[in-house]
Structure formats: structure tokens, C-alpha cells
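# Chains, contacts and geometry: an overview
Given next are the chains, with one letter for each unit.
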Amino acid sequence: MSAIAVIHEGTGPEVLLVHGGASPTTTWSGLEQLTQRWTLALVYRRGFPPSPPPPSGRQDFELDATDICDLLASRPHLVGHSYGGVAAAIAAVRMPERVRSLTLIEPALFLPADDPEVARFRRLGDEFLTYGLQTEPARLREFLKVAGAPVPDEGPLPEEVLNGVRRARTSGVRVKGPCRGEYA
């Protein structure tokens, strides 16, 4: 199995940045100034060039976590966004001694389940995973905005967002993880 791509920028302690459904450059834009003090390691999850596609053609949180575990030798600070946050959490649970710190930004873990806003976001996410680009347009745009995608208020969705929706649509498998929960 081919290794995933990681682009290192800067000097100093390593911060391993794991993106979600948007590309690493979209997710982590604006952090360039940090390279003066930190080594930012931008992970390209499988399915995001230049990394190879996932072997099954579907996103796989367990495989993403394995890929991340392979990058923890330097004991970096680990930061994950959205689906990347799920994979980062699994990797940190597998190898806590190799993670200096863990930061999760909007991980798709849907906790606490009894919070009405979490329940609403989960419903939007379930619609998105079920219907993809066929989701009712206003609800699709709402979900994408809440999820952090660069979506304009009106007009067509950017090609990068459309590609992300297509990738996510094929990744709606729930995976049992080491935390005894389900990841969506």
C-alpha cells in the first residue's frame, strides 16, 4: 500500500495537520505565518492528490488513522478537522504516547447526542451522506457551510466543493472504532 503525501513547511516543533472533506490547502490556509515558529506538516488523506486513492475507493477512518499512526514517530502536536478529526482521534487513542497534544476541530463525532444543535447537524449530515449532490439545495448549502466548506451564499458550488461532496458521498460507512462508538 502506498504511503500518503505530507508536505512540511517551516521550522520548529512539528504540528501534524489532518484535513477533513476539503483539501489541506483550503482547510489550513491562513496558518502560513506559523511556519516561522512551527513545522506544519500538511497531511493529504487518501483520495486527495498527491496521495493515492483509498484501496476500496471509499474513505476509511481506520485506514486514515493507520496512516496517521505512521507519521507519529516525531511525537508531533496532532490537529484534525472534521473527518480528519475522527481519524486523528482514533490514531491518538491507538498511540497516545506518540502524540504531544491533540486538537480536534469540528470532528464528525456527533457528541453530545442530546444537544438539539448536534442532533440538527447530524440530521443534515445524514441527508448529505444519503443524497450527496441530490440533497435539497438550501439544506446542502447549509450543511456545507456549517461543515466549513468554502461555499458562496448564491450561485454554483466551487468545483473543489463538488469533488469533496462526491468523495464524502462514498464514505458514509459507519466504522466501529477503539472508543466503542460509531463514526459517521
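Nothing here was measured: the structure is a model prediction, and the numbers come from that model.

### Notes on the confidence of the model for the protein
- Per-residue confidence for the protein gives a mean pLDDT of 86, with 89% of residues at or over 70.
- Counting interchain partners and residues more than four positions distant, the pLDDT-below-50 stretch residues 172–184 has 33 contacts.

### A few points about the sheet that holds strand 5 (residues 101–105)
- The five strands are arranged 1-3-2-4-5 in an open sheet whose pairing can be described as mixed. With one partner strand each, in any of the chains shown, strand 1 (5–10) and strand 5 form the two edges of the open sheet. When strand polarity is set aside, the average angle formed by the axes of neighbouring strands in this sheet is 20°.
- Relative to strand 3 (residues 39–44), strand 2 (residues 14–18) runs parallel, the two being bridged by five bridges. By the bridge assignment, valine 18 is partnered in strand 3 with valine 43.
- Where helix 3 (residues 83–94) meets the sheet, it contacts strand 2, strand 4 (77–81) and strand 5, and its direction lies at approximately 145° from that of strand 4.

### Describing helix 3
- An ideal rise of 1.5 Å per residue puts 16 Å on twelve residues; helix 3 measures up with 17 Å between its terminal C-alpha atoms.
- With ten of twelve residues buried, helix 3 is to be regarded as a mostly interior element.
- Taken together, the buried positions of helix 3 are occupied by Tyr83, Gly84, Gly85, Val86, Ala87, Ala88, Ala89, Ile90, Ala91 and Ala92.

### Points about the pattern of salt bridges
- In the structure shown here, the tally under the stated rule is seven salt bridges.
- A salt bridge links lysine 145 to aspartate 153; the shortest N-O distance between them is 2.1 Å.

### Here's the deal with the environment of proline 49
- With respect to the helices, strands and loops of the structure, proline 49 is situated in the loop between strand 3 and helix 2 (61–69).
- Proline 49 sits 45 residues away from isoleucine 4 along the chain, and the two C-alpha atoms are 9.1 Å apart.

### Description of helix 5 (residues 137–146)
- Burial in helix 5 covers these residues: Leu140, Arg141, Phe143 and Leu144. Looking down the long axis of helix 5, one finds its buried residues gathered within 160° of arc, a one-sided arrangement.
- Just beyond helix 5, the residue with positive phi is glycine 148, at close to 95°.

### Focus: the nonpolar core
- In this structure, Leu16, Ile68, Leu78, Phe128, Leu144, Leu157 and Val161 are the most contacted members of the largest nonpolar core, which totals 35 residues.
- Listed by contribution, the elements that provide at least two residues to this core are strand 2, strand 3, helix 2, helix 3, helix 4 (116–131), helix 5 and helix 6 (159–169).
- Ranked by the residues each element gives to this core, the list is headed by helix 3, at seven residues.
- Counting eight residues, the second largest nonpolar core, distinct from the first, contains Ala5, Leu17, Tyr44 and Val79.

### Digging into the pairing of strand 5
- Across five bridges, the pairing between strand 4 and strand 5 is parallel. Bridge assignment links histidine 77 to a residue of strand 5, and that residue is serine 101.

### Brief notes about empty space enclosed by the protein
- Using the criterion set out here, one finds one cavity of 30 Å³ or more in the structure.
- Of the volumes computed, that of the largest cavity is approximately 50 Å³.
- Lining the largest cavity we find ten residues, and of these Gly21, Phe48, Gln59, Tyr83 and Ala168 sit closest to its centre.
- Looking at the lining of the largest cavity element by element, the count peaks at three residues for helix 6.
- Along the lines of polarity and charge, the residues of the lining of the largest cavity split into three nonpolar, five polar and two charged.

Thresholds, definitions, all that
Residues numbered from 1 in each chain as written. Predicted model: local features only at pLDDT ≥ 70, side-chain atom pairs only at ≥ 80, totals over all residues. Heavy atoms only, no water. pLDDT = per-residue confidence, 0-100. Contact = heavy atoms within 4.5 Å. Pairing = 2+ DSSP bridges. Helix = DSSP H or I, 4+ residues; strand = E, 2+ residues; numbered from the N terminus. Axes fitted to C-alpha atoms, helices over the stretch in contact; angles between N-to-C directions. Expected span 1.5 Å × (residues − 1). Buried < 20%, exposed > 50% of the residue type's maximum accessible area, 1.4 Å probe, protein only. Salt bridge = Lys/Arg side-chain N within 4 Å of Asp/Glu carboxyl O. Arc of directions from axis to C-beta. Core = buried A, V, L, I, M, F, W, Y, C linked by side-chain atoms within 4.5 Å. 1 Å grid on protein atoms, 1.4 Å probe; cavity = no way out; pocket = protein on both sides within 12 Å on 5 of 7 lines; lining within 4 Å. Points joined across faces, edges and corners; volume = space filled by probe spheres on them. Nonpolar A, V, L, I, M, F, W, Y, C, P; charged D, E, K, R; others polar.

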